[in-house]
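# Fold and contact review
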Amino acid sequence: MSSIIGGLIGLIALLVGSVLGFLVRKKLAEAKIQSAEAQVQNILEEGKKRTENLKKEAELEIRDQKLQAKSKIEEEIKNRKSEVVELEKRILAKENILDKKSDNLERKDQDLIRKSRELEGREQQVKTLEGKYQELVEEQKVTLEKVAGMTSEEAKKKLTEGLLEQAKLQISKEVKQYEEACKSEVEKRSRRILSQAIERLAGEWVTERTITVVHLTSDEMKGRIIGREGRNIRTIEQLTGVDLIVDDTPNAVVLSAYNPVRREIARIVLEKLMQDGRIHPTRIEEMVEKVNREMETQIKETGEAAVFELGIHGMHPELVRLLGMLKFRTSYAQNVLTHSIEVGFLAGIMAAELGINEKMARRAGLLHDIGKAVSHEVEGSHAIIGADIAKKYGEDPRVVHAIAAHHEDVPQETALAHIVDAADALSGARPGARSEVLESYVKRVEELEKIATSFPGVNKAFAIQAGREIRVLVENDKISDDKANVLCHDIARKIEDNLTYPGQIKVTVVRELRVVDYAK
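So, here's what we can say about the structure. (Residues numbered from 1 in each chain as written. Predicted model: local features only at pLDDT ≥ 70, side-chain atom pairs only at ≥ 80, totals over all residues. Heavy atoms only, no water.)

Moving on: the overall build of the protein. When helices and strands are tallied, the protein shows 15 helices and 8 strands. Contacts in the protein between residues far apart in sequence, at least 24 positions, make up 59% of those at least 6 positions apart. (Helix = DSSP H or I, 4+ residues; strand = E, 2+ residues; numbered from the N terminus. Contact = heavy atoms within 4.5 Å.)

Next up, the structure:
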């Protein structure tokens, strides 16, 4: 019984617990539902607020866009109106111009009509006058025929003969004038050719360029050199091509020839013969042959050394030999081979700075005076001779042109030609590179100062730098700055026209301005 009661109580407790749990869950569910509804309500209200805000923002933006569009349209309308007004003004101006042109055309048409009428009247007058002129001519013909006793054909013939005679006289005068002009031009050219030949072969320094003095151990050696009946001296002269001058100069004989290589061979032969002691025709012939072989070897080695020094490759052996011969040639006492090497180096430096082929520039600089090796044997300028030689032995056409143009015998058409010309001038103008006979140097300095002081406004002139520069002092109240530039140019041109000199001469005009005032 008690167990049944206990079971019922348990069942009742279970039922009560279930009911209570259901009620609690219901309350919780209702609370959640209310919370969710509140959240939904809040979300809906926030959405409404956001929607209203977006709507207001959209309305404001639309209003701003409308205002902007309206202002743009108004501004465009305003611009269009101003353009229309401007076009109207232009059209009115063009209409006025056209009206004026049409008025001018009408006036011109009226003038043309009036002038054409006047021309027609004048044509009629001219025709009338021509008729009267023909009548007068016929009357004059008849009168002349009666007076002169000649017909018109005879008069024409006589008149033609007179005109032919006058034409012949005029032609003879013109021919005579042309002949005189030709003679004058021929004389000028002949003088120029002769002056070039004299400058080349018989300058004031000709003695220094064409002789070599050989010192003897004693005056007795002169007799041995001459030999019995002059056989020794004749043999030396025939084999070497050099003139032997035996005079009263103590302990010396003079070798004279334009070819420096031959003079050098003769000098070595004489010195070797004096050392050997045996001087007779057979020994002279053996010695000349031996020295010729040694000289050829020396010339070749000298040329090869010059080519090697400049780093040049692939040069024809004959060009190398001719370069070696330049060792025995001088120009204004400057050794031509040394000068050529200097020009090669300078040309290479300038070419490198200008972005031109440096090796080709060195090659052209080294070969620029190659014609001087044979200039006493071949006619013509050494530049043209050298160009022909270089062309013959396969040098580049640009190098050939630079050689030919370095003294402007042909126009300088390439940068390489200008570089070689400049390098040649630089080497020759180097102080101490070239020298002159004292008398000619003093005379040139005097002539420089005389030329400079011959211009009006020049106060004093001083030749400096061994005659390579002249300073000209001018009077500042007579020569302005602009006139000083012109004066400097005129002095330089007059020096070029009147003097012959190595290298170049710098002309400097000095104008001093002095301002004086006194403090009282």
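Inspection of the entire model under this criterion finds 0 aromatic pairs. Its guanidinium or amino end placed over the ring of phenylalanine 455, lysine 494 lies 5.2 Å from that ring's centre, counting from NZ or CZ. (Phe/Tyr/Trp six-rings, centres within 6.5 Å; stacked < 30°, edge-to-face > 60°. Lys NZ or Arg CZ within 6 Å of the ring centre and 35° of its normal.)

Further remarks concern the sheet that holds strand E3 (residues 252-256). One open sheet holds the 3 strands; their spatial order is E1-E3-E2, and the pairing between them is antiparallel. Each end of this open sheet is capped by a strand with a single partner; those strands are strand E1 (211-215) and strand E2 (243-245). Averaged over all pairs of adjacent strands, the angle between their axes in this sheet comes to 25°, without regard to strand direction. Of the strand pairs in this sheet, E1 and E3 are connected by 5 bridges, and their pairing is antiparallel. (Pairing = 2+ DSSP bridges. Axes fitted to C-alpha atoms, helices over the stretch in contact; angles between N-to-C directions.)

Take the packing of helix H10 (residues 358-367) against helix H12 (residues 397-405) next. Across the interface, H10 lies against H12 with an axial gap of 9 Å and an inter-helix angle of 40°. Comparing the axis directions of H10 and H12 gives the class oblique. Where H10 crosses over H12, the handedness of that crossing is right-handed. Along the contact surface, H10 presents Met360, Ala364 and Leu367, while H12 presents Arg398, Val399, Ala402 and Ile403. (Parallel < 35°, antiparallel > 145°, perpendicular 65-115°, else oblique. Left-handed = near helix turned anticlockwise from the far one by under 90°.)

This part takes up the nonpolar core. Of all hydrophobic cores here, the largest spans 67 residues; its most connected members are Leu270, Met315, Leu323 and Leu366. Of all hydrophobic cores here, the second largest spans 20 residues; its members include Ile451, Ile479, Ala484 and Ala492. (Core = buried A, V, L, I, M, F, W, Y, C linked by side-chain atoms within 4.5 Å. Buried < 20%, exposed > 50% of the residue type's maximum accessible area, 1.4 Å probe, protein only.)

So, on to the pattern of salt bridges. In total, this model carries 19 salt bridges according to the counting rule given. When the shortest N-O distance is used, the salt bridge between glutamate 286 and arginine 283 registers 3.3 Å. Separated by 3 residues within a single helix, glutamate 286 and arginine 283 lie in helix H7 (residues 281-309), roughly one turn from each other. Taking relative accessible area as the criterion, glutamate 286 reaches 42% and is therefore assigned partly exposed. Look at the salt bridges and you will find they share partners, linking Asp276, Arg278, Arg283 and Glu286 into a network. (Salt bridge = Lys/Arg side-chain N within 4 Å of Asp/Glu carboxyl O.)

Taken in spatial order, the 3 strands make up an open sheet running E6-E7-E8, and their pairing is mixed. With one partner strand each, in any of the chains shown, strand E6 (458-464) and strand E8 (506-511) form the two edges of the open sheet. Adjacent strand axes in the sheet meet at a mean angle of 20°, parallel and antiparallel pairs treated alike. As defined by bridge partners, E6 adjoins strand E7 (residues 469-474) across 6 bridges and the pair is classed as antiparallel. Opposite phenylalanine 462, over in E7, you have arginine 471 as the bridge partner.

Our next topic: the side chain of aspartate 424. Position of aspartate 424 relative to the elements: it lies in helix H13 (residues 415-429). Here histidine 339 takes part through its side chain, which lies 2.7 Å from a polar atom of the side chain of aspartate 424. Apart from residues no more than four positions distant in its own chain, aspartate 424 is found in contact with His339, Val343, His368, His406 and His407. (Polar contact = N/O pair within 3.5 Å; in protein donor to acceptor, adjacent residues only side chain to side chain.)

Our focus in this paragraph is the environment of histidine 215. Its place among the elements puts histidine 215 in strand E1. Among all residues touching histidine 215, those that are not within four sequence positions of it are Asn251, Ala252 and Met274.

Further remarks concern the packing of helix H6 (residues 260-276) against H7. Following both chains from N to C, one finds H6 and H7 inclined at 130°, their axes separated by 9 Å at the closest point. By the angle between their directions, the pair H6 and H7 is classed as oblique. Of the two elements, H6 crosses H7, and the hand of that crossing is right-handed. In this structure, H6 contributes Val261, Glu264, Ile265, Ile268, Val269, Lys272, Leu273 and Asp276 to the contact, and H7 contributes Arg283, Ile284, Met287, Val288, Val291, Asn292, Glu294, Met295 and Ile299. Residues of the contact of H6 with H7, tallied by class, amount to 11 nonpolar, 1 polar and 5 charged. (Nonpolar A, V, L, I, M, F, W, Y, C, P; charged D, E, K, R; others polar.)

The terminal C-alpha atoms of H6, which comprises 17 residues, lie 24 Å apart, in line with the 24 Å expected from a rise of 1.5 Å per residue. For H6, the complete set of buried residues consists of Pro260, Val261, Arg263, Glu264, Ile265, Ala266, Ile268, Val269, Leu270, Leu273 and Met274. Positive phi appears at glycine 277, one or two residues downstream of H6, with a value of about 90°. (Expected span 1.5 Å × (residues − 1).)

Attention now moves to unusual backbone geometry. In this structure, glutamate 229 is a non-glycine residue whose phi angle is positive, near 60°. Positionally, glutamate 229 belongs in the loop between helix H4 (220-226) and helix H5 (231-240). Its relative accessible area of 70% is what places glutamate 229 among the exposed residues. A positive phi angle, close to 55°, is found at asparagine 251, a residue other than glycine. Looking at the secondary structure, you find asparagine 251 in the loop between E2 and E3. Judged by relative accessible area, asparagine 251 falls into the partly exposed class, the value being 33%.

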